[in-house]
Structures are given as C-alpha cells and as structure tokens.
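Structure at a glance
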Amino acid sequence: TCFAYQPCCGKILCIDCMRAHYESSPNCLCPFCRAPAIVTDDERFILLQKRINANDGDACLEMGRHYRTESLGLKQDYEKALELFHQAVELGSIVAHHFIGVSYLLGIGVKGDKKKSLHHLRLAAIGGVLESRYALAAQAYNSGNLQLALKHLSISAKAGHDESMKLMRGIRSKYPKEFEKALRAIKKTSETPALSLDPGVELKENRVGIVDEWSDEELFSNGGEKFVLGFQNAIKNGNVTERAKLQKKYKEKIDHLMKEGDDEGQLQHLQDQMRTLNEFAAAWMGREGLSLPAEQDPFVGTLIDDELFAPTPPRPDCPICFLAMPSWTCFAYQPCCGKILCVDCMHAHYKSSSGCCCPFCRAPATVTNDERFKLLQKRINLNDGYACLELGRHYRTESLGLKLDYGKALELFHQAVELGSIVAHHFIGVAYLLAIGVKGDK
C-alpha cells in the first residue's frame, strides 16, 4: 500500500526509487518514462482522469486515496473514494480490496460491516497485501482468537512486515503461556494427518467409493484427515470421478469460508493441504509412469459448453468479392471506411491499380504510420471494435512505428470485446495462455 503512482505512464514505483531519483536528478522528469514532472494539482488530476478513462485500476485507486486524504486540492469525499476503490477492484486491483475492507471495518464513508470487511481483507491478504493480513490478525487478537491472530502474524512477519513483528513480540511479552500454547496448536493443525509426499506410502483404507460415506462435516474435521485420505485413495485407484467430487467439495468449502467467515483459520490450512496433495499426485503418477488426470472443466454442462460445441457460425463476407474471409484472424482493416477486406482482394487491387487508394471507398491510401495511427484513433473514438483490435495488434507486433506494449494491446483487445468483437477474444485468450503482457491464467 506504500507506492508512488505515475499518471504520465501508469507505472507504480517504490518510494525509495522516487526519492533517490529526485535527489540525484537536476531536471524533474518521471524516473520511468522521462515525461516532465507534474507541477500543479490540476495537471495531476487531469492525467489521473485520463488514466481512469483508459480503465487503469491503479489510477482509480490513486484518485480514491486523494479523495480520502483530502489531497490534490480535492475536498474530502469518502463515498467518492469508496466508489473509485470498487471501480479499481473491477479492473483487477488487489490493493483496492484492502482499502474497501478498512472502510467497512472503521465505517469510513459507509456503514460499518464486519462481514464485508473480512471478505475484502481476506481477498487482499490472499493477493499478498501484508497490511490486510495484519488487519485480520489485529481483529482476531481483539476478539480473543490468539491462535488465528498468530497464524496471520507469522505469515506477514515472515514476509518482512515490521508491524506484525512488533505485535508478535508484544503478545509474547504480555501472554507468554498463551503464546506458546497457540504456537503449538498452529504447528499441530499444520501437520496434516495421513499426508505424505512419499508415493510409496500405504493408506489405512484403500477402497473405491469411500468419499460417499462421509458428510462434508466429517470430511473436513480433524484437520481434514478424511479429505486427505479420500484424495489419496482417488489418486492411487486412478478414480478420476472421485477425485473430481473431492475437488468440488473443496471448492464449495473454500467458498463457504470466504462468505461466512473463517474464525479458526481453516482457509489457509485447506489451501496448503491442496497444494501438498497435488504434489503427492504428481509424485505418485510419476512413480507409476502415468499422466495426471485432466482437471474438471468448469464449463462442462453449462451454456458456454453447449455453445462451444454448437455449429460454427459462418465467417464474415468480404464486401468486395462477397466470399467468406479465409480466416477470422487474417484480414485487412481499412481505417478510412472501417471495412474489413480479404487479403486476396487487397493484393489483387494493389497489384492492378496504378494509384494507391482504398479498394472499397476509394479514399487515398494512408502513406505514413502517423496518418494510419490518426485514422485508427478516429475510428476508436467512434466505438469501432475492429479499430481497437487493429491498433492492439500494432502495439503487440511493434508495427506502425509504435513501441512494443503488451499491456496497451491487451487493454485495446478488451475494449474491442466490449464493442462486440469476437476475434478479440482469441487474442485475449492467447495472451493469458502464453502470459503475454499479463500473468498466465489457464
């Protein structure tokens, strides 16, 4: 939560780098993009607003912080700040969950709601925001749940959070006996019964259908002993159906804890268990020379699945030859008229025509990169999805004289999707598959 947002380029820089740059640099430029430094509050506000209009979640977060702290010449407006934090969350900001959680916790600009506060603070803590984990620890400590408080503090302190270290020392000096007892309990719960990464381990019970004999309460009681046993059984027996059932029950349990509260610290424990079980599965299958069973497709049996295997819709026709496009991703976009032409028609036209003009509207051909960029930008301002897609492809391939910018390309592809482009889904899917400009997400 401690960073410097640069509205000129949308980058987040650490405070120490900012301080070192401005102390050593005689001219006030952005340390990242070298744009002239923003002098007035009005200039910063205008740049932030531009970034917000470009769907920049970090810009929404930054503006919300200004409304909350009465900086940048703005009047204090907690409701506006909360609205911007929610907008930032929708745009993928993890840190914004922290500020929303604190708002609900302290009743800042909204009626206090412990349940909502815990929900947002947990999401931020899962995303790695140490301040949120510290806040969860403080709440658990104040409610008398020392074990849960220490479990949170041990994670954040290990990651280098100074306040967590201080609070742990304070608890230890104030309640030495309770501190040791809580640590022993944490250690005990973290040691999963019957769980071993050794693929040669023999199970106590090894039969098919054992999962159906247990209720959800039995499955996750005693540190999830039966859940672990059932999962290992499913792996050793090669029972994909039983494993899928357990994965479904695990997901339902996680969702339940996220919504209803996790006073006993089960959430982190279950997530740790699942990671270890997946390692066990990989070790076992490797030992047996088998491949891991495919994960259950979350879309099976849903409307998306039905549509996926429906007959493929026809490709659009070229407006010149009236034949179907050779493919959905191989076409020539004309920014002068916004038409999509097949590559063959474009090739035939420029081969036979003495003058370079658009084959469809006969407008003079764009000669320079700047001209084409300006025409594309005009089409984008007219909410042309294909123009967004085309400009995104240029940013992605470093063409049209543009610098390679995967983040900007992905932003334009998302904008194209909102404007109805089907093809843009393909480019977004490939970006997440290959982790191009974004964290890989299967």
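Residues numbered from 1 in each chain as written. Predicted model: local features only at pLDDT ≥ 70, side-chain atom pairs only at ≥ 80, totals over all residues. Heavy atoms only, no water.

Okay, the overall build of the protein chain next. Counting its secondary structure elements, the protein chain contains 20 helices and 4 strands. The buried share of the protein chain, reckoned over its 442 residues, is 38%. A separation threshold of at least 6 residues defines the contact pool for the protein chain, and within that pool the share at least 24 residues apart is 49%. Carbon and sulfur atoms make up 54% of the accessible area of the protein chain, which totals about 25,400 Å². (Helix = DSSP H or I, 4+ residues; strand = E, 2+ residues; numbered from the N terminus. Buried < 20%, exposed > 50% of the residue type's maximum accessible area, 1.4 Å probe, protein only. Contact = heavy atoms within 4.5 Å. Areas by Shrake-Rupley, 256 points an atom, 1.4 Å probe, with all protein chains shown as cover.)

Looking now at the environment of leucine 389. Within the fold, leucine 389 resides in helix α18 (residues 385-397). By relative accessible area, leucine 389 is classed as buried at 0%. As for leucine 389 and phenylalanine 427, which are separated by 38 residues in sequence, their C-alpha atoms are 8.8 Å apart.

Side chains that differ in charge, positive against negative, can pair when their charged atoms come close. All chains considered together, the criterion is met by 9 salt bridges. Put simply, glutamate 62 and arginine 65 hold a salt bridge, and the shortest N to O gap is 3.8 Å. One end of the pair, glutamate 62, and the other, arginine 65, are both in helix α3 (residues 57-69), 3 residues apart, so they sit about a helical turn from each other. A single burial state applies to glutamate 62 and to arginine 65, both of which are buried. Lysine 166 is paired through a salt bridge with glutamate 163; the nearest N and O atoms lie 3.6 Å apart. Of the two residues, lysine 166 and glutamate 163 are both situated in helix α9 (residues 162-174); the distance of 3 residues between them amounts to about one turn of the helix. Residue glutamate 163 is classed as partly exposed on the basis of its relative accessible area of 37%. (Salt bridge = Lys/Arg side-chain N within 4 Å of Asp/Glu carboxyl O.)

For the protein chain, the average pLDDT comes to 77, and 76% of its residues sit at 70 or higher. Predicted confidence for residues 292-305 stays below pLDDT 50, and this span has 11 contacts to residues more than four positions away or in other chains. (pLDDT = per-residue confidence, 0-100.)

By the definition in use, this model includes 2 aromatic pairs. Each ring, one from phenylalanine 85 and one from phenylalanine 99, has its centre 5.2 Å from the other, and the planes form 25°; the classification is stacked. Here the residue phenylalanine 85 occupies a position in helix α4 (residues 78-90), and phenylalanine 99 occupies one in helix α5 (residues 95-106), the gap between them amounting to 14 residues. On the basis of relative accessible area, phenylalanine 85 is assigned to the buried category, the value being 1%. Relative to phenylalanine 427, the ring of phenylalanine 413 lies with its centre 5.2 Å away and its plane at 25°, an arrangement referred to as stacked. Taken as a pair, phenylalanine 413 in helix α19 (residues 406-418) and phenylalanine 427 in helix α20 (residues 423-434) lie far apart in primary sequence, 14 residues in all. (Phe/Tyr/Trp six-rings, centres within 6.5 Å; stacked < 30°, edge-to-face > 60°.)

Let us look at the packing of helix α17 (residues 369-381) against α18. Direction vectors running N to C along α17 and α18 enclose 140°, while the axes themselves pass 8 Å from each other. By the criterion of interaxial angle, the relationship of α17 to α18 is oblique. As α17 runs across α18, the sense of the crossing is left-handed. Contact with α17, carried on its side by Arg372, Phe373, Leu376, Gln377, Arg379 and Ile380, involves Ala387, Cys388, Glu390, Leu391, His394 and Tyr395 of α18 and no other residues of that element. A per-class count over the contact of α17 with α18 returns 7 nonpolar, 2 polar and 3 charged. (Axes fitted to C-alpha atoms, helices over the stretch in contact; angles between N-to-C directions. Parallel < 35°, antiparallel > 145°, perpendicular 65-115°, else oblique. Left-handed = near helix turned anticlockwise from the far one by under 90°. Nonpolar A, V, L, I, M, F, W, Y, C, P; charged D, E, K, R; others polar.)

What follows concerns the side chain of histidine 66. The residue histidine 66 is located in helix α3 in this model. Non-local contacts of histidine 66, meaning those with residues more than four positions away in its chain, are made with Arg44, Leu48, Ser71, Leu72 and Leu74.

Let us look at unusual backbone geometry. Despite not being glycine, glutamate 398 shows a phi value in the positive range, around 60°. By secondary structure assignment, the location of glutamate 398 is in the loop between α18 and α19. Residue glutamate 398 is classed as partly exposed on the basis of its relative accessible area of 49%. Unlike most non-glycine residues, leucine 400 shows phi in positive territory, near 65°. Mapped onto the elements, leucine 400 comes out in the loop between α18 and α19.

What follows is about the nonpolar core. Counting residues in hydrophobic clusters, the biggest one holds 26 residues, and the most contacted among them are Leu389 and Leu391. Elements supplying a minimum of two residues to this core: α17, α18, α19 and α20. Sequence-distant contacts of leucine 389, defined by excluding residues within four places in its chain, comprise Phe331, Phe413, Ala416, Ser421, Val423, Ala424 and Phe427. (Core = buried A, V, L, I, M, F, W, Y, C linked by side-chain atoms within 4.5 Å.)

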